[in-house]
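Next come the chains, spelled out residue by residue.
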Amino acid sequence: MRWQLIKVLNSQRMSIKHSSSAGGETCADRGGNDESSDLLTPPRARAVLCSHIGRSDRSSTMKRPKLKKASKRVTCSKRYKIQKKVRDHTRKLRKEAKKKGVSKRVKKDPGVPSSAPFKEEVLREAEQRRLQIEEEKEKKRQAKILERAQKRKKEKEVTSKETEPKAKKARQDEVEIQQGKPSAPDKNSKQYFCSELNKVIDASDVVIEVLDARDPLGCRCPQLEEAVLRREGNKKLILVLSKIDLVPKENVERWIQCLQLEFPVVAFKASTQIKDKTVRARKRTIVASNEVLDRSRAAACFGNSCLTELLTSFAASTQNETSLRVGVVGFPNVGKSSLVNSMKGILACNAGVKRGITKSMQDVHILKNVKLIDSPGVVASPSNPPASMALRSLQVEEGQESVLEAVRTLLKQCDHSQIMLQYNVPDFRNSLEFLTLFAKKHGYLQKGGVPNTEQAATAFLADWTGAKMSYHCKAPENHSLPTYMSDAVVAEMRNGWDLNNLKTGNEETLKGVKFPNQASSVSFISKGPTAGLLSVCDVSEEKPGAAATERQEEQNDENNEPEQTPKEAKETEAPEKPQKVLLKKPGHVQFQSVPVNISLSAATTDDAYDFNTDFK
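Keep in mind that this is a model prediction, so the values were computed, not measured.

S.K.: What is the right way to look at the sheet that holds strand β4 (residues 324-329) in this model?
M.R.: Across a sheet, paired strands are connected by hydrogen bonds in the backbone, their directions being either parallel or antiparallel. Taking strand neighbours across the sheet as the criterion, the six strands line up as β3-β2-β1-β4-β6-β5 in an open arrangement whose pairing is mixed. Each of the sheet's edge strands pairs with one partner strand only, and the pair in question is β3 (265-267) and β5 (362-365). On average, adjacent strands in this sheet sit at an angle of 25° to one another, irrespective of strand direction. Pairing between strand β1 (residues 206-212) and strand β2 (residues 236-242): seven bridges, direction parallel. Across the sheet, the residue bridging to Val206 is Lys236, located in β2. Helix α13 (residues 336-344) contacts β1, β2, β4, β5 and β6 (370-374) of the sheet and is inclined by roughly 155° relative to β6.

Structure (structure tokens):
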């Protein structure tokens, strides 16, 4: 390319020379001696080319040639400097390696010298040793391959069993029963939960029933309390109000006064940030170092010392050689495992927002003479109202009820305007419209910007069952003892407890916790105590009677009246009185005759518009 440009410039130079000689100008006038001096050598051509390019830019007679790549040439001084630095760096690395005794050079095996005696035998032994090492490596490799294949086979069997149809599983169970093989219990079945709960009650000296402070009456199980009172061994029953930081202080005090008329009550706020198993480090983060620290954060725990002192004093008064066994029972997601973890100070039991995490009983030693027993949640009876089933049962997790249906049931028990203020959404007519607004606000969108109401319903239900949503129920003004309790039973349950120490401990707990404001908490209509199942026969014989009929009636009402005003919603949210449903046999439809006045005077008076009704 460069030589072509030089050739073009030489030809232009020759043409300029001829034209100048024709005009009377000689080579001597231009300082040249002969024709060869006018031809451009490479150095001269470069200078002329640069001047020519400058002129072409101004005159635009010749375009600049395009260069494919930039030159990588550097000056010699720079190149020598780089090479010197590289040599210095490698020399430094060699010195450091020499000091450490590290050498990259692999020493070559010199082999067996020819003059060595028994050379052939040494070589044979070395070859045998090499073959033996290779065989061992091959065996290990084959063992690993076989182990991976067996692991994959087991995983496939587990997945195939899970996806196996129910009819096939039932047939296999029947065959095993006929053959006399003992089948392993299903840890997700209601029968297993009931058996584990009965084991906890039988093994406990003291039973703690954990109640959610947002709805204490709805978390009480009459069947559970009656079973504890009727068991042998003079078992004690105490109530623990958990999640008190989500309820206004006046409401908590009122519930403590109401429940103390039956059983001893302990106010408790569990820590939800226990993750490590280092007791001291975690306790340092839980205990507040100064008064300025916000004590309402999730790491703080209140009521722990009060409950520990209560149990230790009772254990000392009983004077038993064995440790005091305390069973922790209650409905799913009321805070049983969180209470055990807070008492222990470490993550001893799995706890979370999802309901039904605890599957079996678990012993946790908190002190030398006190042992806590965690239990699975009480199985709710299907005969309960839909609102109680939405909060206490595992129907949503088991797939028996949709999340949308549970949300619709909960919204009916709340004040319309308070839900709007709590979730900062505009006015809505039904649960579907509310979930649509809720999904748009929180960004739960599907492809094309369609609101994901299923995800929104799951998040809404997690707020209500977990320790996030603040709602409260009013305590009953007129208290009456249940049918399975009497004054003698109440006195027996109070016997042995240090009630004065318990009262002071509850007062200290209420002083330390930061409670929400009454206006920021949603008022909720409680449906009363929730019935539970404690025996296997109750699980098999129980049928969804009242709950199913009530749910069906609610669905019909919603289908007939999809749009509701806030006033109408409040009227429907009022507590319903139990009415007897009379089922009549289908027969002929009869219409009653209604007398109609069709006189002229009546027609004129009815059709006349009275302006005083609207304009006064």
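S.K.: Before we go on, may I ask you to explain the side chain of Arg214 in this structure?
M.R.: Its location among the elements puts Arg214 in the loop between β1 and α8 (216-219). Residue Arg214 is classed as buried on the basis of its relative accessible area, which comes to 0%. Within the structure, the side chain of Arg214 is placed 3.3 Å from the backbone oxygen of Trp464, a separation counted as a polar contact. A distance of 2.7 Å separates a polar atom in the side chain of Arg214 from the backbone oxygen of Met469. Apart from residues no more than four positions distant in its own chain, Arg214 is found in contact with Lys243, Leu246, Val247, Asp463, Trp464, Thr465, Gly466, Lys468, Met469, Tyr471, His472 and Cys473.

S.K.: Is there a simple way to explain the packing of aromatic side chains in this structure?
M.R.: Between two aromatic rings, the relevant description is the distance of the centres plus the angle of the planes. Applying the stated criterion to the full structure yields 13 aromatic pairs. Ring geometry for Tyr423 and Phe438: centres 5.4 Å apart, planes at 75°, overall edge-to-face. Linking Tyr423 in helix α17 (residues 416-423) with Phe438 in helix α18 (residues 431-442), this pair joins segments that are 15 residues apart in sequence. The two residues Tyr423 and Phe438 agree in class, both being buried. Plain terms: the ring middles of Tyr423 and Phe460 are 5.4 Å apart, the flat faces sit at 40° to each other, and that makes the pair tilted. Placement of Tyr423 in helix α17 and of Phe460 in helix α19 (residues 453-465) is noted, with a sequence separation of 37 residues between them. Exposure class is identical for Tyr423 and Phe460. Each is buried. By the ring-pair criterion, three or more aromatic residues cluster together here, those being Tyr423, Phe428, Phe434, Phe438, Tyr444, Phe460, Trp464, Tyr471 and Phe524.

S.K.: Even after reading the chapter, I still don't get the packing of helix α16 (residues 403-412) against α18, so can you show me in this structure?
M.R.: Relative orientation and spacing of two packed helices are given, respectively, by the angle between their axes and the distance between those axes. At a minimum axis distance of 9 Å, the contact between α16 and α18 shows a crossing angle of 105°. The orientation of α16 relative to α18 falls into the category roughly perpendicular. When α16 is examined against α18, the residues Leu404, Val407, Arg408 and Leu411 are found in contact with a partner set consisting of Ser431, Phe434 and Leu435. In the contact of α16 with α18, the residues fall into five nonpolar, one polar and one charged.

S.K.: Help me out: how do you make sense of α18 in this one?
M.R.: For the α-helix, the turn length of 3.6 residues means that residues three or four positions removed from each other point alike. Compared with the 16 Å implied by 1.5 Å per residue over 12 residues, the 16 Å span of α18 between its first and last C-alpha is a close match. Positive backbone phi, at 80°, marks Gly443, one or two positions downstream of α18.

S.K.: Can you walk me through the packing of α18 against α19 in this structure?
M.R.: Packing of α18 against α19 leaves a shortest axis separation of 9 Å and a crossing angle of 90°. Between α18 and α19, the interaxial angle falls into the category roughly perpendicular. Contacts from Leu432, Phe434, Leu435, Thr436, Phe438 and Ala439 in α18 reach Thr453, Ala456, Ala457, Ala459 and Phe460 in α19. Here the contact of α18 with α19 is composed, by residue class, of nine nonpolar, two polar and no charged.

S.K.: Help me understand the pattern of salt bridges, please; the structure alone is not making it clear to me.
M.R.: Think of it this way: side chains of opposite charge can pair up when their charged atoms draw near. A complete count under the given rule lists 17 salt bridges for this structure. Between Arg231 and Asp202 there is a salt bridge, and its shortest N-O distance comes to 2.3 Å. Of this pair, Arg231 sits in the loop between α9 (222-230) and β2 while Asp202 sits in helix α7 (residues 190-203); the two residues are 29 residues apart in sequence, bridging distant segments of the chain. On the basis of relative accessibility, which here comes to 25%, the residue Arg231 falls in the partly exposed class. Arg325 is the salt-bridge partner of Asp205, the closest N and O atoms lying 3.3 Å from each other. Here Arg325 lies in strand β4 and Asp205 lies in the loop between α7 and β1, a separation of 120 residues in the sequence.

S.K.: Can you help me understand the pairing of β2 in this one?
M.R.: Consecutive residues of a regular strand have side chains that alternate between opposite faces of the sheet. Across the seven residues of β2, seven count as buried, placing the element largely inside the fold. Two strands pair when backbone bridges link them, and β2 and β3 are joined in this way by three bridges, in the parallel orientation. Looking at β3, one finds that Leu241 is bridged to Ala267. As a crossover connection, the stretch from β2 through helix α10 (residues 249-259) into β3 is right-handed.

S.K.: For this particular structure, what's the right way to read unusual backbone geometry?
M.R.: Most peptide bonds are trans, and most residues other than glycine sit at a negative phi. The backbone phi angle of Lys243 is positive, close to 60°, even though this residue is not glycine. Despite not being glycine, Asn333 has its phi angle at roughly 65°, a positive value. With respect to the helices, strands and loops of the structure, Asn333 is situated in the loop between β4 and α13.

S.K.: Is there a simple way to think about the pairing of β5 in this case?
M.R.: Pairing analysis gives four bridges linking β5 to β6, with the strands arranged antiparallel. Within β6, the position partnered with Val364 by the bridge is Leu372.

What counts, and where the lines are drawn
Residues numbered from 1 in each chain as written. Predicted model: local features only at pLDDT ≥ 70, side-chain atom pairs only at ≥ 80, totals over all residues. Heavy atoms only, no water. Pairing = 2+ DSSP bridges. Helix = DSSP H or I, 4+ residues; strand = E, 2+ residues; numbered from the N terminus. Axes fitted to C-alpha atoms, helices over the stretch in contact; angles between N-to-C directions. Contact = heavy atoms within 4.5 Å. Buried < 20%, exposed > 50% of the residue type's maximum accessible area, 1.4 Å probe, protein only. Polar contact = N/O pair within 3.5 Å; in protein donor to acceptor, adjacent residues only side chain to side chain. Phe/Tyr/Trp six-rings, centres within 6.5 Å; stacked < 30°, edge-to-face > 60°. Parallel < 35°, antiparallel > 145°, perpendicular 65-115°, else oblique. Nonpolar A, V, L, I, M, F, W, Y, C, P; charged D, E, K, R; others polar. Expected span 1.5 Å × (residues − 1). Salt bridge = Lys/Arg side-chain N within 4 Å of Asp/Glu carboxyl O. Right-handed = clockwise from strand over helix to strand, strands pointing away.

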